[in-house]
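# Chains, contacts and geometry: an overview
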Amino acid sequence: MAVSQIISDFTPIIMLYLLLHSTFISAVNITHLLSPYPDLSDFSDLLSTTTVVADLTQRTSLTLLAVPNSFLRTSELIRRSPSSTNIADVIRYHVLLQYLSLHDLRRLPPSDKLITTLFQTTGRATNNFGLVNVTYDDKTDTTIVRSPAAYSQAPSNATVISLINNLPYNVSIYSVNSLIVPYGFNLLSSESRPPLGLNISKALIDGHNFNVAASMLAASGVVQEFESDEGGAGITLFVPTDDAFSDLPASANF
């Protein structure tokens, strides 16, 4: 049988597998995975009430560090500011954007491994403090998660207690013994603070030599779409300078 015929025969099966696999991944429900564990109910509630769980619907590879009720209820930060918008970002700091199995943890290099968290994607993390350092000590079989700030400056760290749930290559859920707060993060600051806002046109004009692009974006209405859809996650634009437009023919239509 020709190779092309074999590929043709198996194509429907391959496509069905990919479709089912994709559907399964998109259907992962973190709170459902946590539901069999009553000692994680408070953390699960925080995922839902802060809407962080909605941020995870399109994620296909992550590791969740869940804090048990016994540790979470002793957190002064949570008790004093239960509805703070900032708590959502602290919860995002417990979502690592990388699948880590127990085997992966035990293969970490002797030096710390930096891993990006969901908090880093919001654009509100200072420098690289939306990342975490993960360290494994093979002598004590202990995994520690902490801020990438110097250890003497890091406000908190957590030790992995146990693996709670695992969907191979997509989702791992571990329990940890403490809430982890990003370095330099003020959990108790007012949630009513005004948003920083995003003004792309002003940023381009202030940057000089981007006046043509700023005018075009404003005139087309695209700039408003970018600003309204950004949602605090940050945005990157590649913008031609004014000089780049000087050689274009007058008939050029944008």
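In case you missed it, the structure is sitting above this.
Figured I'd write up the structure that's included with this text. Just so we're clear, the structure is a prediction, and the values are computed from it rather than from any experiment.

On to the overall build of the protein, then. Each helix and strand in the protein was counted, giving twelve helices and seven strands. Among the 254 residues that make up the protein, the fraction classed as buried is 37%. Of the contacts made within the protein by residues no fewer than 6 positions apart, 62% connect residues no fewer than 24 positions apart. For the protein, the accessible area works out to roughly 14700 Å², and carbon and sulfur atoms hold 57% of it.

Next up on the list: helix H3 (residues 41–49). Turning to H3, its buried residues are Asp42, Phe43, Ser44, Leu46 and Leu47. Thr51 lies just past H3 and shows a positive phi near 65 degrees.

A separate point is empty space enclosed by the protein. Taken as a whole and judged by the stated rule, the model has one cavity of 30 Å³ or more. In this structure, the largest cavity spans a volume of roughly 50 Å³. Together, Thr63, Leu65, Leu96, Leu100, Leu105, Val134, Thr143, Val145, Val160 and Tyr174 line the largest cavity. Of all the secondary-structure elements, those providing two or more residues to the lining of the largest cavity are strand S1 (62–66) and strand S5 (142–146).

All right, on to the pattern of salt bridges then. Tallied over the full model, the rule gives five salt bridges. In this structure, the salt-bridge partner of Arg92 is Asp89, at a minimum N-O distance of 2.8 Å. In this pair, Arg92 and Asp89 both sit in helix H7 (residues 85–92), three residues apart, roughly one turn of the helix. Exposure remark for Arg92: the relative accessible area of 10% places this residue in the buried category. Here the residues in one salt-bridge network are Asp55, Asp89, Arg92 and Arg124, joined through shared partners.

The next subject is the pairing of S5. Within S5, four of the five residues are buried, leaving the element largely enclosed by the surrounding structure. Examined bridge by bridge, strand S4 (residues 131–137) and S5 share five bridges and lie antiparallel to one another. Counted as the bridge partner of Asp137 is Thr142 from S5. In textbook terms, the turn of a hairpin is the stretch between consecutive antiparallel strands, and for S4 and S5 this stretch comprises four residues, one of which, Asp141, has a positive phi near 55 degrees. Note that S5 and strand S6 (residues 157–167) share three bridges and pair antiparallel. Bridged to Ile144 within S6 is Thr159.

Take the side chain of Thr117 next. Structurally, Thr117 can be placed in the loop between strand S3 (113–116) and S4. Note on Thr117: relative accessible area 0%, which makes it buried. A distance of 2.5 Å separates a polar atom in the side chain of Thr117 from the backbone oxygen of Gly130. Excluding anything up to four places from it in sequence, Thr117 contacts Arg92, Tyr93, Val95, Leu96, Leu97, Gly130, Leu131 and Val132.

Right, let's talk about the environment of Leu64 for a bit. Turning to its location among the elements, Leu64 is positioned in strand S1. As a C-alpha pair, Leu64 and Tyr99 span 35 residues in sequence and 9.0 Å in three-dimensional space. Once residues within four sequence positions are removed from consideration, Leu64 is found in contact with Ile30, Leu34, Phe43, Leu47, His94, Val95, Ser172, Ile173 and Tyr174.

Judged by nonpolar contacts, the single largest core of 43 residues is most densely connected at Ile30, Leu34, Phe43, Leu47, Leu64 and Ile173. Contributions of two or more residues to this core are made by helix H2 (30–34), H3, S1, H7, strand S2 (95–96), S4, S6 and strand S7 (171–176). Not counting residues within four places of it along the chain, the set of residues in contact with Leu47 comprises Ile30, Leu34, Val52, Val53, Leu64 and Ile91. Grouped together as the second largest cluster of nonpolar side chains are five residues, Ile200, Leu204, Ala214 and Val223 included.

The rules behind each value
Residues numbered from 1 in each chain as written. Predicted model: local features only at pLDDT ≥ 70, side-chain atom pairs only at ≥ 80, totals over all residues. Heavy atoms only, no water. Helix = DSSP H or I, 4+ residues; strand = E, 2+ residues; numbered from the N terminus. Buried < 20%, exposed > 50% of the residue type's maximum accessible area, 1.4 Å probe, protein only. Contact = heavy atoms within 4.5 Å. Areas by Shrake-Rupley, 256 points an atom, 1.4 Å probe, with all protein chains shown as cover. 1 Å grid on protein atoms, 1.4 Å probe; cavity = no way out; pocket = protein on both sides within 12 Å on 5 of 7 lines; lining within 4 Å. Points joined across faces, edges and corners; volume = space filled by probe spheres on them. Salt bridge = Lys/Arg side-chain N within 4 Å of Asp/Glu carboxyl O. Pairing = 2+ DSSP bridges. Polar contact = N/O pair within 3.5 Å; in protein donor to acceptor, adjacent residues only side chain to side chain. Core = buried A, V, L, I, M, F, W, Y, C linked by side-chain atoms within 4.5 Å.

Scope: geometric values only; no functional claims are made or implied.
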